[in-house]
There are 4 protein chains.
Amino acid sequence: MHNINEPVYYGDYLELNKLLDSQHPKSKKIGNEAHDETLFIIVHQVYELWFKQILHELHSMKDVFDQKKIMESELSTVVHRLERIKKIQSILIDQLDVMETMTPMDFLEFRDLLVPASGFQSVQFREIEILMGLRTDQRKEVDREYFLGRLQKDDQDRLLEMEKTPSLIGLLEDWLERMPFTFTDEFDFWGEYQSTVDDMLCGDEITIQDNKATLSEKALEMQLANLNGTRMTFATLFEESIHNGLKEKGERRLSQKATLNALFILLYRDEPILFLPFVILENLMDIDELFTTWRYRHAIMAHRMLGTKIGTGGSSGHKYLKSAAENNRVFMDLFNLSTFLIPRSKLPVLPAKLKEQMNFSYRG
Amino acid sequence: MHNINEPVYYGDYLELNKLLDSQHPKSKKIGNEAHDETLFIIVHQVYELWFKQILHELHSMKDVFDQKKIMESELSTVVHRLERIKKIQSILIDQLDVMETMTPMDFLEFRDLLVPASGFQSVQFREIEILMGLRTDQRKEVDREYFLGRLQKDDQDRLLEMEKTPSLIGLLEDWLERMPFTFTDEFDFWGEYQSTVDDMLCGDEITIQDNKATLSEKALEMQLANLNGTRMTFATLFEESIHNGLKEKGERRLSQKATLNALFILLYRDEPILFLPFVILENLMDIDELFTTWRYRHAIMAHRMLGTKIGTGGSSGHKYLKSAAENNRVFMDLFNLSTFLIPRSKLPVLPAKLKEQMNFSYRG
Amino acid sequence: MHNINEPVYYGDYLELNKLLDSQHPKSKKIGNEAHDETLFIIVHQVYELWFKQILHELHSMKDVFDQKKIMESELSTVVHRLERIKKIQSILIDQLDVMETMTPMDFLEFRDLLVPASGFQSVQFREIEILMGLRTDQRKEVDREYFLGRLQKDDQDRLLEMEKTPSLIGLLEDWLERMPFTFTDEFDFWGEYQSTVDDMLCGDEITIQDNKATLSEKALEMQLANLNGTRMTFATLFEESIHNGLKEKGERRLSQKATLNALFILLYRDEPILFLPFVILENLMDIDELFTTWRYRHAIMAHRMLGTKIGTGGSSGHKYLKSAAENNRVFMDLFNLSTFLIPRSKLPVLPAKLKEQMNFSYRG
Amino acid sequence: MHNINEPVYYGDYLELNKLLDSQHPKSKKIGNEAHDETLFIIVHQVYELWFKQILHELHSMKDVFDQKKIMESELSTVVHRLERIKKIQSILIDQLDVMETMTPMDFLEFRDLLVPASGFQSVQFREIEILMGLRTDQRKEVDREYFLGRLQKDDQDRLLEMEKTPSLIGLLEDWLERMPFTFTDEFDFWGEYQSTVDDMLCGDEITIQDNKATLSEKALEMQLANLNGTRMTFATLFEESIHNGLKEKGERRLSQKATLNALFILLYRDEPILFLPFVILENLMDIDELFTTWRYRHAIMAHRMLGTKIGTGGSSGHKYLKSAAENNRVFMDLFNLSTFLIPRSKLPVLPAKLKEQMNFSYRG
């Protein structure tokens, strides 16, 4: 564009000649402009610009995690960029308020002109999903149909190609598996943790038996059933075969090892070296939550705009969208980790040497 | 408190002595204060204060709608208060961000001390649901259990008593049914509307038949099936018996007459006398949408905080909460109205005399 | 682009080929890409897209107000579009949070490459200001310099041309002046209002004199001074010559007649015919407030990003921006109206005939 | 309240009997209830609850900083709580939207009953200001008058007592001054930084002189003046006497040493040991910015509600509030630091030994 030494002009730098000449309402072309079609176009264009920014951040994070050894300063960069994505997602959600200033009657004025275009054809949003780690086989059938079915051939190919490259959740899993702190010759953290949990549950059982006399038969039964339920839940954590079974059924994404190490980070986030990993896990949950909220609110809006009619792209509408909101979550495993937390006061004490390793060299 | 002529002091006026002396963490009482329990208390207290305000507004609106004849200035007051409720709801949603600054590990520090207290015991929130028009028989079984089961006797009684009084949706239905504009001796609006719809659908059928040669057998079949589907959908609007059948199954709340008049308001919102009614319907949908979003985000937060554990009140957790988000909507019928809209250009023309009635006396 | 009968593709409709090919960081061109420059570009592009939408709405409103006789349905359209602008403004403000994820050190990586481009060169934002009614002579000197001084010749010309066309505040003034209700042969509203105010102030004076004995000399003096101040304030409302004097000094924008009629709308907003005008005035204040907040927060961000350094376009930075936030308000007169309100219970009673005129023809 | 073993009831735990019985509108007492007075009360009560939470966080942070040696895990706790305060502040700002649903006419209905109560009498907000570090002598005269003048004696005494204890900015200053990394026997960071800056500025001067022939006399003069300005600006950083002079005039709050170390943190935030300190500084700026925004928006709201009338507490209204928004900032020095940043490529290289000290013991 410009010679780098030439003075820069705001409008040129932002390429406003192209940007502001990209809004051409169909209704205007047929000589019957619907005032709100411009809004419809601009809202979607703003979405696409933000998607581009999110992709820019996701790619840079993938580059970080796609290394065998990650420097601490790179982790802080990752945190920074995850937080940026969250801010953008907040805007994506709030922006639905702008779209909702268009009433169903206003939409009807130009809706038929758009058939069969549909937001499902946003290639960038599909790229975001794939980069995060949403897999074709995780999608519901109806979503799978829209996923590629409505796209042009070159867009389809691009997405299929991208699905073969590592995703964020995959790289995260690798990184979590490499975490070194939970097992040394002298210290078997997970052995200790399991003992602690067993002791807690035994204690609970004794308490129940002690109170036997005061409990109705039904209450006793229920309390023992609950206790058994908790035991079985912890078994899904500690026994690899059970974990793998859940993984095969699609109820877990991360390996057992990665899951355990993520749990370790949550439990010992106060150790300096775990602070950034903890913040990264928190942020990934936030991002999952924000996309889910966005999808859900988008589904309600579609319901309001179209009633029970099908969408312009032939989509079966708000029911599909709502189910996708919940189904397309990627970092569900991290949410489930809370199931396995125990109180700080019961946590195994880390060996002094390990604690030192997890702190800074500097001793003031 | 004060003699009305005495000077007023800020702290006295707001009764801060009581208000700021209502935070007593359980963990502090047992000598092991969990820093975040104060947050937990205050966030819930703020919720309760806002619930009180919402109830204040809902009661005042019920008083308006509980009249046979409502003055225009009262409708503008209703709009004003609906918009206030929406602003408060936005705060309720954003406030979840504050709650989420408490991590699951922090919650674990005092969670056991609260058993079996639970947010389901918020009597004020139940009052809001009842006032809006959520009925016991609309609730899912699990919700019904929490609805009264966990409350103290006097709270239960109060809510049951309240369920017997008219709700907002009931009063809205009455008001919609009383709307006078769609039928006079000379003008049968719904007859015309139905003809228009029939003509549109016949036109569509002719188009399909004309294109027969260009369509595959399967495509032809599908297009005809779609057309038939649309016909059947409109039948649910126009045929009272079908509408009533849906009502009995709980798929409709409003009577056919109220539904038709609500649709009329949407279609002719540009007539001055319909402007406020239109804004009221829009706001009721907004409020429904905001409560739904709040419930949904609350469900995700519960998942994150507790994993798959059950809540302090024995609630089965995030899955229940998510299903309630969608199930407990009250103004679903209004969302569905979009199904029945037709383009402005096809709308029946209103008689001049009717249009005059719907405008102001003043002629400048 | 497309033949209107051809199926529409999402990416084509949104012209994504252009839109997503308009981000070319300078730092990348010189072979040393600064990661955050993409964010910088995209945030500004999103601003420009929203500015385009705001202009789309402002122009459509100007078209409405630029008529001698405005239909009621057009007023409801105006309200709708004003509310849309507000939603967009909220996004503009929240979007600053995204920009602030770029730290000053990150900005420094590419800042020098942009000299002397500057946000002051956003022609669209200048157009918004002009359409709203910000006049060159209202701008502070430093703002005047940036207003045109940094723009390219054709952009300058376009803005100067636009300044000659009617602005929103000018058209609003005309519309307010045309409002017919406050003076008829039998009813002189403003005469009555002035009497009422005079009576109230006399009552206040009598009260002060009655309490003379209980007041210190200084307190007496102060109370009388206050009372006098209030009298003088009301004089700026009622006496045209004083009002015009303030107008000449730039302390008022609207004519006395328009000001009085705006006050009448605030006082009698419950009359059906005044509801929409009231909502319009409220919304104009909201918009003014939102732009002011945006400018102010933008100023703080500039301070944080640049410290006390001057901006890329040579702007003197955050101090200028802060002063512009307050100075460039357009609808200040509407904010000041609250000064002249009196309690509902003291309001002159409107003649029955007038009240009837202000209501709907329909009598149920 | 409860025995700790007794089952907890939601309403008891939250002390709702007190909380929900603390709203007693004055207008209702005199038999003429103003509907919106309840809103007025509840909004202010919610503010006070949030203020209590902010104080809870601020006190806990003070406890951390009020130690000679702060553990890393404590710094992460501080970050966590600063971020919580920010979320609360966002709510405080958004909540103004709720307040603004009350129109000036609605406020007028009960305003006179509140005289002379005023938000300036919020003792908790004053405590927040004092804890942050706002000093009486920093306040403008008018603010000083409201600061204590309108409070009851015991509230005055409490605040005066609190002013004698260390504030957050004071403790931050101590902590920054203790930071050890910038000077060792082998490494004088600030000497190097100053040389670098000098070299940069000399380079700039040479460039100017080289281009002399191409510049007009006036342009040459201006460029040299600018350069000189930059030199003098950096002198305020490097020369303690100049810094102290500014401090005496109230233009700086932090000591030169603390200022330099804060700058070091900004420059080398990528070193692991500086990550948390960097985040703390960022968050303190965010908090300052959010309070400022809140004050500013509050000022605009007051203008809108009262026009140019004085507030219920006799306050001179929106002009005062606006000036306080800018004047009462505490962490201005941190915002100004951006003035002194230089590009990463020019930063002095830290000695390997120092870099090692600033990293974790663990070497994977």
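A tally of regular secondary structure across chain A gives 18 helices and zero strands. Across its three principal directions, the C-alpha atoms of chain A cover 80 × 65 × 35 Å. Burial status across chain A gives 40% buried among its 364 residues. Residue pairs in contact within chain A that sit at least 24 positions apart in sequence constitute 76% of those at least 6 positions apart.

Once that is clear, we can look at the confidence of the model for chain A. Residue and element names in this part refer to chain A. Mean pLDDT for chain A: 91, with 96% of residues reaching 70 or above. Helix α4 (residues 37-65) holds the highest mean pLDDT among the elements of chain A, 98, whereas helix α8 (residues 141-149) holds the lowest, 75. Confidence estimates for the predicted assembly give a pTM of 0.95 and an ipTM of 0.94.

Before going further, it helps to spend a moment on the interface of chain A and chain C. The interface of chain A with chain C comprises 57 residues on the first partner and 56 residues on the second. Per-element accounting of the side of chain A that touches chain C gives the leading share, 13 residues, to α4(A). Among the residues forming the side of chain A that touches chain C, the class breakdown is 26 nonpolar, 20 polar and eleven charged.

Looking now at the interface of chain B and chain C. Counting residues at the interface gives 17 residues for chain B, matched by 17 residues for chain C. At the level of elements, α5 (72-99), α15 (272-306) and α18 (352-357) of chain B are the ones that each hand at least two residues to the side of chain B that touches chain C. Of the residues belonging to the side of chain B that touches chain C, the class tally is seven nonpolar, six polar and four charged.

Before going further, it helps to spend a moment on helix α10 (residues 168-178) of chain D. It helps to recall that an α-helix has 3.6 residues per turn; residues three or four apart then point in one direction. Residue and element names in this part refer to chain D. For α10, the complete set of buried residues consists of Leu168, Ile169, Leu172, Glu173, Trp175 and Leu176. End-on, the buried residues of α10 take up no more than an arc of 165°, which puts them together on one face. Where α10 is buried, its residues touch α4 (37-65), α7 (123-132) and α14 (256-267).

Here the residue pair A:Val115 and A:Pro116 is connected by a cis peptide bond, since its omega of 0° sits within 30 degrees of zero. Note on placement: A:Pro116 falls in the loop between α6 (104-111) and α7 (123-132).

Here we come to the packing of α4(A) against helix α10 (residues 168-178) of chain A. Residues and elements named next belong to chain A. Between α4 and α10, whose axes approach to 10 Å, the crossing angle comes to 25°. Classed by the angle they form, the pair α4 and α10 counts as roughly parallel. For the crossing formed where α4 meets α10, the hand is left-handed. For the pair formed by α4 and α10, the contact residues are Leu58, Met61, Lys62 and Phe65 on the first element and Leu168, Leu171, Leu172 and Trp175 on the second. Partitioned by chemical class, the residues of the contact of α4 with α10 number seven nonpolar, no polar and one charged.

Next up on the list: the environment of D:Ser27. All names here are of chain D. Along the chain, Ser27 turns up in helix α3 (residues 26-29). When the C-alpha atoms of Ser27 and Asn336 are compared, they prove to be 49 Å apart, with 309 residues separating the residues in sequence. Apart from residues no more than four positions distant in its own chain, Ser27 is found in contact with Asn32, Glu33, Ala34, Glu37, Glu109, Phe110 and Leu113.

Between the two copies, chain A and chain C, the superposition gives an RMSD of 0.1 Å; the rotation angle is 180° and the shift along the axis is 0.0 Å. Those values place the two copies in the arrangement expected of a two-fold rotation axis. The fraction of interface residues of chain A whose copies in chain C are also interface residues reaches 98%, indicating that both copies meet through the same surface.

The next subject is the relation of the copies chain B and chain C. For the pair chain B and chain C, the relating rotation is 180°, the translation along its axis is 0.0 Å, and the fit reaches an RMSD of 0.1 Å. Residue by residue, 100% of the interface of chain B is reproduced at the interface of chain C, so both copies engage with the same surface.

All names here are of chain C. Assignment of secondary structure puts Asn32 in the loop between α3 (26-29) and α4 (37-65). Residue Asn32 is classed as partly exposed on the basis of its C-beta count, with 13 C-beta atoms lying within 10 Å. Separated by 242 residues in the primary sequence, Asn32 and Leu274 have C-alpha atoms spaced 61 Å apart.

Turning our attention to the packing of helix α4 (residues 37-65) of chain B against α5(B). All names here are of chain B. Running from N to C, α4 and α5 cross one another at 165°; their axes reach a closest spacing of 10 Å. As the angle between them shows, α4 and α5 are arranged roughly antiparallel. Remark: the crossing between α4 and α5 carries left-handed chirality. Contact with α4, carried on its side by Val43, Val46, Tyr47, Trp50, Gln53, Ile54, Glu57, Ser60, Met61 and Val64, involves Glu74, Thr77, Val78, Arg81, Arg84, Ile85, Ile88, Ile91, Leu92, Gln95, Val98 and Met99 of α5 and no other residues of that element. Partitioning the contact of α4 with α5 into residue classes produces 14 nonpolar, four polar and four charged.

Cut-offs used in this document
- Residues numbered from 1 in each chain as written.
- Chains lettered and ligands numbered in written order.
- Predicted model: local features only at pLDDT ≥ 70, side-chain atom pairs only at ≥ 80, totals over all residues.
- Helix = DSSP H or I, 4+ residues; strand = E, 2+ residues; numbered from the N terminus.
- Buried ≥ 20, exposed ≤ 12 C-beta atoms within 10 Å, placed from the backbone.
- Contact = placed C-beta atoms within 7 Å.
- pLDDT = per-residue confidence, 0-100.
- Nonpolar A, V, L, I, M, F, W, Y, C, P; charged D, E, K, R; others polar.
- Arc of directions from axis to C-beta.
- Axes fitted to C-alpha atoms, helices over the stretch in contact; angles between N-to-C directions.
- Parallel < 35°, antiparallel > 145°, perpendicular 65-115°, else oblique.
- Left-handed = near helix turned anticlockwise from the far one by under 90°.
- Least-squares fit on C-alpha atoms with pLDDT ≥ 70 in both.

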